[in-house]
Every structure is written in structure tokens, then in C-alpha cells.
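Here are the chains, one letter per residue:
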Amino acid sequence: MDLDFQAKFRDVILKMEKSGNAYAEAKGQSWQAQELKGSVLASLIKAQPDLPVSKAEIIAKDSEEYRKYVSETASAITKELKLKCEYEKWKSSFEALRSLSSLEKKILDKID
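First, a word on scope: everything that follows refers to the structure included in this document. Keep in mind that what you see is a predicted model, and the values were worked out from it rather than measured. (Residues numbered from 1 in each chain as written. Predicted model: local features only at pLDDT ≥ 70, side-chain atom pairs only at ≥ 80, totals over all residues. Heavy atoms only, no water.)

A count of helical and extended segments in the protein chain gives four helices and zero strands. Its C-alpha atoms give the protein chain a radius of gyration of 24 Å, more than 25% over the compact-globule value 13 Å for 112 residues. By the burial criterion, 23% of the 112 residues in the protein chain qualify as buried. At a minimum sequence separation of 6, the contacts of the protein chain that also span at least 24 residues come to 78%. About 8500 Å² of surface is accessible on the protein chain, with carbon and sulfur atoms providing 57% of the total. Of note, the protein chain has its 20 positive side-chain charges centred 2 Å away from the centre of its 19 negative side-chain charges. (Helix = DSSP H or I, 4+ residues; strand = E, 2+ residues; numbered from the N terminus. Rg over C-alpha atoms; globule rule 2.2 N^0.38 Å. Buried < 20%, exposed > 50% of the residue type's maximum accessible area, 1.4 Å probe, protein only. Contact = heavy atoms within 4.5 Å. Areas by Shrake-Rupley, 256 points an atom, 1.4 Å probe, with all protein chains shown as cover. Lys, Arg positive; Asp, Glu negative; His and termini not counted. Charge placed at Lys NZ, Arg CZ, Asp CG, Glu CD.)

Following this line, the structure appears as C-alpha cells:
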């Protein structure tokens, strides 16, 4: 059994790097969107200067602009979590490959 572990490791490491970078980018965008919640809400509340803050907040949270913000934030979080899942998959593949490589090495050592 001659498995080319070096090529397999190289392939998995490249996929981990690619998915890890994509995950990091998505995580940053998700974090930014979540952090902007107060700013988005504040700007919508400020657009209602004649109303008490509590009523202005209710109107702001019911606005189309706020619903759009929530939807975009949900999409950013979903993208982040999907990319995290992909990264974790490649990380697990690396660990499985490492275990298989160690096993083959032990088997070959016993044969020699």
C-alpha cells in the first residue's frame, strides 16, 4: 500500500488555508454587521424626533430599513457559520490523514 501522504497533506493544508481565510473574512463582516445594530437603530430613531424614544424605537424596529438590516446580518452570520463548518471539515480531514499516516508508518516499521 503506497499512499502519497505528502501530496494529500499538501492538498488538505491548502484547502484549510483557503477555507480559513474565507471564514476569517466572513467572521469579520458578520461581526461588523452585528456591531452596527445600535447605529442603525439610533439613526432610525433619530428620524422620529417628535416621538418619545420608546415609540420611535418600536417604529424603527418595524421599518423596512431595519428589517433589511436584520436580513443582511442574518445572511452574514449564515455565511460565517457555513465557512466555519467547511474549515472544520478540512481540519478534521487533516487529523484523520495524520492518524492514517502514523498508522501506515507503524505498520511499515513492523514489516521491516
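Now that the structure has been shown, the text picks up again.
Now for the side chain of Ser19. In this structure, Ser19 sits in helix α1 (residues 5–35). Residue Ser19 is classed as buried on the basis of its relative accessible area, which comes to 2%. Contact partners of Ser19, with chain neighbours within four places excluded, come to Leu83, Glu86, Tyr87 and Trp90.

For the rest of this paragraph, the subject is the pattern of salt bridges. Per the stated rule, a full pass over the model turns up six salt bridges. Among the ionic pairs, Glu57 bridges to Lys61, the shortest N-O distance being 3.2 Å. With Glu57 and Lys61 both in helix α3 (residues 53–61) and four residues apart, the pair spans about one turn of that helix. Judged by relative accessible area, Glu57 falls into the partly exposed class, the value being 27%. Exposure remark for Lys61: the relative accessible area of 38% places this residue in the partly exposed category. The shortest N-O distance in the salt bridge between Arg98 and Glu95 comes to 2.6 Å. Pair noted here: Arg98 and Glu95 are both in helix α4 (residues 64–111), with a separation of three residues, about one helical turn. (Salt bridge = Lys/Arg side-chain N within 4 Å of Asp/Glu carboxyl O.)

Our focus in this paragraph is the packing of helix α2 (residues 37–46) against α4. It is the contact of α2 with α4, at a shortest axis distance of 10 Å, that shows an interaxial angle of 175°. Here α4 runs roughly antiparallel to α2, going by the angle between their axes. Only Glu65, Tyr66 and Tyr69 of α4 make contact with α2, whose side of the interface consists of Lys37, Val40, Leu41 and Leu44. Of the residues contributing to the contact of α2 with α4, the split by class is five nonpolar, no polar and two charged. (Axes fitted to C-alpha atoms, helices over the stretch in contact; angles between N-to-C directions. Parallel < 35°, antiparallel > 145°, perpendicular 65-115°, else oblique. Nonpolar A, V, L, I, M, F, W, Y, C, P; charged D, E, K, R; others polar.)

All right, on to the nonpolar core then. In this structure, Val40, Leu41, Leu44, Ile45, Ala56, Ala60, Tyr66 and Tyr69 together form the largest nonpolar core, which totals eight residues. Discounting residues that sit within four places of it in the chain, Ala56 has contacts with Ile45, Gln48 and Leu51. (Core = buried A, V, L, I, M, F, W, Y, C linked by side-chain atoms within 4.5 Å.)

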